[in-house]
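# Descriptive structure summary
Each chain, letter by letter, is given below.
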Amino acid sequence: MFKTAAGHIARMLTIAGSDSGGGAGIQADLKTAHQFSVYGMSAITAITAQNTVGVQGVFPLSPEAILQQLTSIADDLGFDAIKTGMLGDAAAIHTIASFLTERATCPIVVDPVMVAKGGTPLLDPADVKAVIERLLPLATIVTPNAPEATALTGIDVQSLADCKVAAIRIAQLGPQMIVVKGGHIATDIREHELAVDVVYANGTFTYFAAPRLQTAKTHGTGCTFSSAIASCLARGMEPLAAIAAAKTFIHRAIAQASTWDVGRGHGPTDHSAQPVFTAHFRPGAFYLFDGDRWLEENRIV
Ligand SMILES: Nc1ncnc2c1ncn2[C@@H]1O[C@H](COP(=O)(O)OP(=O)(O)OP(=O)(O)O)[C@@H](O)[C@H]1O
Ligand SMILES: Cc1ncc(CO)c(N)n1
């Protein structure tokens, strides 16, 4: 396990839903924390009956049950970074936001989960307001995919240019750094398609791209990516380096699972993948991951 500069084991808390299929939610988050040599803890917000084909049932926990888990962890174990995923409803969001305000001084990664890959809603659209008003102002990093960026801003996010406009709008809602993920965005800015994650902070865009992998093994990619970022922040890494390491991890996790026979639908990724750690990234640059290392490219997006 990784020891922080303060000399203790790095700890990451995930506040999210349970995925019985093991590829997304709490299960993905804890597997990811472990792979980053970070001690993982969980406060479960809802239990889903779910597999790679779809979501068969959602059973939210009460705000009391959520708060008691959070309090038990805060009173004893503590945390160096927190990630939030599927949250349930507005009442749960208010409870979690109040807890974070009172008891969290560490970095917070908000993955604004709204819809599962198969299309099942995991958050009522009426509750998006609570995410915007209560959670985004607390976020060190927020990681919407394209449809989530649309729900947060009202901008129809379909292209890289849309990602940039949406990121600027989301920044006005309070988070320190925004990552609009490129999994849903069709780009063709090279001879082969890329999955480009657009990062925005302090008025500057930085880009992390990787070749788009042609596979349906993408169940839980967003959960895995955001918990990888939180794990890196728990280790004390800088935000850009954390996002880059998370991108290398999810890229390899998708690639390694491409031949797996786990489930009949959108299969899970391989959380035993090895992340690549690179120390320094220049804000404003465009980086391409070639599977082994990051290359800085001279391009205007
Ligand atoms: N086919 C792919 N090839 C390479 N990278 C991908 C692919 N799909 C997604 N990614 C990467 O995975 C990460 C998660 O992005 P994505 O947009 O899929 O999240 P998401 O939609 O929130 O996932 P989910 O809802 O399934 O948890 C991003 O870094 C994105 O660039
Ligand atoms: C529990 C849970 N959280 C998040 C997602 C989004 O991938 C999912 N499918 N299930």
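In this report, we go over the structure that sits alongside the text. Keep in mind that this is a model prediction, so the values were computed, not measured. (Residues numbered from 1 in each chain as written. Chains lettered and ligands numbered in written order. Predicted model: local features only at pLDDT ≥ 70, side-chain atom pairs only at ≥ 80, totals over all residues. Heavy atoms only, no water.)

## With respect to the sheet that holds strand 5 (residues 108–110)
Pairing within the open sheet is mixed, and its 11 strands lie in the order 3-2-1-4-5-6-7-8-9-10-11. For this open sheet the edge positions go to strand 3 (55–60) and strand 11 (294–297), each flanked by a neighbour on one side alone. Note: strand 1 (residues 11–19) against strand 4 (residues 81–84), 4 bridges, orientation parallel. Counterpart to T14 in the pairing with strand 4 is K83. (Pairing = 2+ DSSP bridges. Helix = DSSP H or I, 4+ residues; strand = E, 2+ residues; numbered from the N terminus.)

## Side note on empty space enclosed by the protein
One pass over the full model with this rule turns up 1 cavity of 30 Å³ or more. Of the pockets and cavities examined, the largest cavity occupies roughly 40 Å³. Around the largest cavity, the lining residues are G85, L87, D111, P112, V113, L123, V131 and L135. For the lining of the largest cavity, the residue count by class is 6 nonpolar, 1 polar and 1 charged. (1 Å grid on protein atoms, 1.4 Å probe; cavity = no way out; pocket = protein on both sides within 12 Å on 5 of 7 lines; lining within 4 Å. Points joined across faces, edges and corners; volume = space filled by probe spheres on them. Nonpolar A, V, L, I, M, F, W, Y, C, P; charged D, E, K, R; others polar.)

## Let's talk about the packing of aromatic side chains
Enumeration over the complete set of coordinates arrives at 12 aromatic pairs. Here the aromatic rings of F36 and F277 are separated by 5.9 Å at their centres, their planes lie at 85 degrees, and the arrangement is edge-to-face. Note that F36 is positioned in the loop between helix 1 (25–35) and strand 2 (39–50) and F277 in the loop between helix 8 (239–256) and strand 10 (286–289), a separation of 241 residues in sequence. Of the residues examined, F277 reaches a relative accessible area of 40% and is grouped as partly exposed. With a centroid separation of 6.3 Å and an interplanar angle of 65 degrees, the aromatic rings of F79 and F99 are classed as edge-to-face. Of the two residues, F79 sits in the loop between helix 2 (63–76) and strand 4 while F99 sits in helix 3 (residues 90–103), which places them 20 residues apart along the sequence. (Phe/Tyr/Trp six-rings, centres within 6.5 Å; stacked < 30°, edge-to-face > 60°. Buried < 20%, exposed > 50% of the residue type's maximum accessible area, 1.4 Å probe, protein only.)

## With respect to the site of ligand 2
Residues in close proximity to ligand 2 include G17, S18, A24, G25, Q50, M86, V113, A116, L122 and C223, which together make up its full environment. Between a nitrogen atom of ligand 2 and a side-chain N or O atom of Q50, the distance comes to 2.7 Å. For ligand 2, whose accessible area on its own is 280 Å², the fraction buried by protein is 93%. Cavity membership is defined here by more than half of the atoms lying within 2 Å of grid points; on that basis ligand 2 lies in the largest pocket. Taken together, the residues of the shell around ligand 2 sort by class into 6 nonpolar, 4 polar and no charged. (Near = heavy atom within 4 Å. Polar contact = N/O pair within 3.5 Å; in protein donor to acceptor, adjacent residues only side chain to side chain. Areas by Shrake-Rupley, 256 points an atom, 1.4 Å probe, with all protein chains shown as cover. Sits in = over half its atoms within 2 Å of the grid points.)

## Quick word on the environment of V165
Tracing the backbone through its elements, the reader meets V165 in helix 6 (residues 160–171). In this structure V165 comes out as partly exposed when scored by relative accessible area, which is 44%.

## Here's the deal with the nonpolar core
Side chains of nonpolar character tend, in soluble globular proteins, to be buried together. Counting 52 residues, the largest nonpolar core has L13, I15, F79, I82 and L100 as its most contacted members. For this core, the element with the highest residue contribution is helix 3, accounting for 6 residues. Setting aside its immediate chain neighbours within four residues, I82 contacts L13, I15, L100, A104, C106, P107, I108, V109 and A230. Core analysis: the next-biggest nonpolar cluster, separate from the first, contains 40 residues, M237, A244, A246 and Y287 among them. (Core = buried A, V, L, I, M, F, W, Y, C linked by side-chain atoms within 4.5 Å. Contact = heavy atoms within 4.5 Å.)

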